[in-house]
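Each chain, written out:
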Amino acid sequence: AQSVTQLDSHVSVSEGTPVLLRCNYSSSYSPSLFWYVQHPNKGLQLLLKYTSAATLVKGINGFEAEFKKSETSFHLTKPSAHMSDAAEYFCVVIPKRGGGADGLTFGKGTHLIIQP
Amino acid sequence: NAGVTQTPKFRILKIGQSMTLQCTQDMNHNYMYWYRQDPGMGLKLIYYSVGAGITDKGEVPNGYNVSRSTTEDFPLRLELAAPSQTSVYFCASSHGTAEDGYTFGSGTRLTVV
C-alpha cells in the first residue's frame, strides 16, 4: 500500500523568510513523487516532480524538493517566501511505477500562510 | 489555450436530484480523471479513463457514473444526489501516465441540500 503524510496542516511564515513544507511517504515500489499547489478557487498546478533522476528537484516559482530515500521524505522548500505563495500545497505519490492510470495518492494538504 | 474546462463552477442540488458535471480538454490527452476534494482532505479518485470508450472505477465510485465517447469529453453523472456528495469536484487529464503530470480544471463546487 502507498500513503503520503503531510506533517503540518498549516504553516505560517513571514514574507522574505524560508519556507519548509514536510512530506513523508510510504510505498512498496520505487516511488514517483510530486508537489502540487492550489490557489484559492483554482485547480491544482504541478510545482515539481521526482521520477528517480536527480534527488534534488527544482520547480516553478523558486521551489525545490529533495528526495531522501533513507528518511522516506520529500520536503518542499523555498529560500524566500512571497505573498503570492499563499496557497494549499499537496504532496502526491504515484501508486506504482509506470502504472499511473489509476491515479495519484494525495496527502491531506498544507495550508501556507504568508505574513506581511 | 483552454486546457481542461469544467462546467458549471457552482451548483446546488436537492436530495434525489440528478445532474451531469461536464469536463472537456483540448490537449488530445488520452487519460482523464475525476476527483472529489472534501475539506481538510486530499483528492480522492472517483473514476478514470485511459481512452475513448474505456472507463474504470477509482477509490470512491459509488453514486457516480461516467462515459467517454470522445477523447475530449469525460462527463460525470450523479443520479440520486445525497448530502455526502457535497464536495468540490476536479477533472484532470494527462498525456500518458500520471508521471507526466496532470492538468486540472478549476473545479465544480457542488452542494446537496
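Residues numbered from 1 in each chain as written. Chains lettered and ligands numbered in written order. Predicted model: local features only at pLDDT ≥ 70, side-chain atom pairs only at ≥ 80, totals over all residues. Heavy atoms only, no water.

## What about the side chain of Q38 of chain A?
Going by this rule: By definition, any uninterrupted DSSP run of H or I lasting at least four residues is a helix, any uninterrupted run of E lasting at least two residues is a strand, and each is numbered from the N terminus. Think of it in three bands: with a 1.4 Å probe and only protein chains considered, a residue is buried below 20% of the maximum accessible area for its type, exposed above 50%, and partly exposed in between. The criterion used for residue contact is that any of the two residues' heavy atoms lie within 4.5 Å.
Tracing the backbone shows Q38 of chain A in strand 5 (residues 33–38). Taking relative accessible area as the criterion, Q38 of chain A reaches 10% and is therefore assigned buried. Excluding residues within four positions of it along the chain, Q38 of chain A makes contact with G43, L44, A87, E88 and F90 of chain A together with Q37 and F90 of chain B.

## Focus on the packing of aromatic side chains
Aromatic ring pairs are described here by two measures, namely the spacing of the ring centres and the angle between the planes. Our working rule: Put simply, two rings from Phe, Tyr or Trp (the six-membered ring, in Trp's case) pair if the centres are within 6.5 Å, and we call them stacked under 30 degrees between planes, edge-to-face over 60, tilted for the rest.
The full count for this structure, using the stated rule, is 16 aromatic pairs over all chains. Plain terms: the ring middles of Y25 of chain A and F67 of chain A are 5.8 Å apart, the flat faces sit at 25° to each other, and that makes the pair stacked. Taken together, the residues span a long stretch of sequence, with Y25 of chain A in strand 4 (residues 23–26) and F67 of chain A in strand 8 (residues 64–68) at a distance of 42 residues. You can call Y25 of chain A buried: its relative accessible area is 8%. With centroids separated by 6.3 Å and ring planes inclined at 45°, the aromatic side chains of Y35 of chain B and F104 of chain B adopt a geometry described as tilted. With Y35 of chain B in strand 4 (residues 31–37) and F104 of chain B in strand 10 (residues 103–104), the pair connects residues that are 69 residues apart, well separated along the chain. Look at Y35 of chain B and you get buried, because its relative accessible area is 0%. Judged by its relative accessible area of 8%, F104 of chain B is buried. Aromatic rings pair up to connect F34, Y36, F90 and F106 of chain A together with Y33, Y35, F90, Y102 and F104 of chain B into one cluster.

Nothing here speaks to function; it is all geometry.
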